[in-house]
Structures are given as C-alpha cells and as structure tokens.
Amino acid sequence: MTQDSYLVGLIGSGIGPSLSPALHEREADRQGLRYLYRLIDLDALGAAPGAVGALVRFARTLGFDGLNITHPCKQLVIEHLDALAPQAEALGAVNTVVFEDGRAVGHNTDVTGFAASFARGLPDAPLEKVVQLGAGGAGAAVAHALLTLGAGHLTVVDALPDRAADLAAALNGHFGAGRAAAATPDALPSLLSPRSGADGIVHATPTGMAAHPGLPLAAGLLHPGLWVAEVVYRPLDTELLRTARALGCPTLDGGGMAVFQAVDAFRLFTGREPDATRMLADIAELADAAGTAGTAGARG
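Reading the values: rules and limits
Residues numbered from 1 in each chain as written. Predicted model: local features only at pLDDT ≥ 70, side-chain atom pairs only at ≥ 80, totals over all residues. Heavy atoms only, no water. Salt bridge = Lys/Arg side-chain N within 4 Å of Asp/Glu carboxyl O. Helix = DSSP H or I, 4+ residues; strand = E, 2+ residues; numbered from the N terminus. Buried < 20%, exposed > 50% of the residue type's maximum accessible area, 1.4 Å probe, protein only. Contact = heavy atoms within 4.5 Å. Polar contact = N/O pair within 3.5 Å; in protein donor to acceptor, adjacent residues only side chain to side chain.

Enquirer: Provide a residue-level description of the pattern of salt bridges, including the pertinent values.
Expert: Taken as a whole and assessed by the stated rule, the structure comprises 13 salt bridges. When the shortest N-O distance is used, the salt bridge between Asp282 and Arg30 registers 2.7 Å. You can see Asp282 sitting in helix 11 (residues 276–292) and its partner Arg30 sitting in helix 1 (residues 20–30), a full 252 residues away along the chain. When its relative accessible area of 36% is taken as the criterion, Arg30 is described as partly exposed. For Arg245, the salt bridge is made with Asp237, and the minimal N-O distance between the two is 3.0 Å. In this structure Asp237 comes out as partly exposed when scored by relative accessible area, which is 32%.

Right under this line is the structure:
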C-alpha cells in the first residue's frame, strides 16, 4: 500500500520563522497527503548544536520519516548518520535525512537547489571569476553548484582560514587543480575591485538573517560590474540585495534555492513528484506575508 501520511521536521537554530513547514505542507495538501512538518529549534530547546545527534535519534524513535537540517548542524550531523548519499559525502554537508529500513541516510539537496535557481534567475551571468562569501555547510553546496555550472575559478572567502582552505582543497580535488582558492575577508577589496575581473559574488553566510542583520561586506566594495546572488531567503530582499540593486547589479534572491532544495527533499521523503512552479508561487506569497509581519531569517 502506498504511504499517504508523513511526519518530517527541521533541526536548526533560530528556525521559528521558517517557511519550510508551510512550503512542504501546501504541496502535500495539493497531492492529497497527510503531511506534518515540525520545527525542532535548538534555541527554543536551549540545546547546543552538538545535540543534533540525540535529536536525530529521538526523531527516528518517534517515527519521523525524515528531517531537514539547517544552520549550524549541516556538518555536525554527519557523524550521527548510518550512510551518506554520494553528493552529501563529497560535500561533507547534509541538509536532508531520510529514515529508511531502520537507517538514517544523509542527502544534500542544496547543490541542485542552488544550481536550478541560478540557471533560472541569472541564466546569462558570466562565471569566469566568482567570489563566494562563506565556507560552511551551505557554502560547500553552493561552491559545488557553481563549479558544476561551469565557473572557471572560485575564490572562497571565510573568516575561518582553515575552513576556507579545506573547502578550496576539496573543490580542487573534485573539479581539478586551480579551480578554487581560499581567502580571508581582508582580501575582498582586491578580489572585487573592477580591475580584478571578478564577475559576481555569492553570499552563503548567515548575515542578513533576523539574528544576524546587516551586510556581509562593505557596501563600497560593490559595483555595477558584479552580479550578486543570495542564499538567505528570510527575508527574500536582504540588505545585500537592496544595496546591490541600487548600484545596478543583477541580483538573485535565496527563494529559488529554498524552493528547489525543498522540491528535492519532498521527493526524497515521499517518492512523489512535487510541482516546482506552484512552490515558487508559494514561497513568494509566504515570504511577502512574513515580511509584512516583520519576519526574517536564514535558510531552512
């Protein structure tokens, strides 16, 4: 008998305003499924990120069909899983866990989610030289997506030098020597100057979320010769995007990535094909409603 009832959830920090429950449940309702999506917020629980392992075990015991994983647990969760899908293993980051046959299997739908969103929203953007801010779990996924899309050279910038260096080394190992390099934020003026030849910036840090407002770089570093892509989707219109747009930069908000990664996660949880077009309309409506209510946030 085909399953028609699902219990899934999201583990992360500060996820109270997440649009994921409504995004998944709306599509499930249209498909005639009973689908409950629950938030498991580390902040609300007073739990540290390291508690993700215990929370995954509890969810499995309670009969959850799967979980989404967001900041700051995408890398921490790995040691608590039974197996990884190839892409999650290559990335070293998991954003979706499926419970199947008594095992917890980690997947990553952020790569395909960002790639689909970028191809849709900035189809003609040049990709010879790209600068990425952030080398965490979301950053690893976005970097893989950019190089898969054909980026010639990617510079990964992170305040933690070892994290940026580790990601760049992994990318070079996977895509070929010389495709990626690491840098710290003090290098941004030279990396982004009009003379540098940089084509665009991808932002993949928590800055811009409700708990982390502001810009991830000095506004004076932006100029019309750059396109700017965002990963944060709550709010859809971050301070970074507003600043870039005012300067004449082509921009891409984080809503498309949120939808396309959710499309892939929904498929993994249910084995059913969601309608991405309907879900793109949902995210716009949900984000607009959240914005009028003063809601903002991160990926999740």
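Enquirer: Run through the environment of Arg267, naming residues and quoting values.
Expert: Tracing the backbone through its elements, the reader meets Arg267 in helix 10 (residues 255–270). Remark: the alpha-carbon pair of Arg267 and Gly136, spanning 131 residues in sequence, is separated by 25 Å. Among residues more than four places away in sequence, those in contact with Arg267 are Arg272, Glu273 and Pro274. One polar contact links Arg267 to Glu273, side chain to side chain, over a distance of 2.8 Å.

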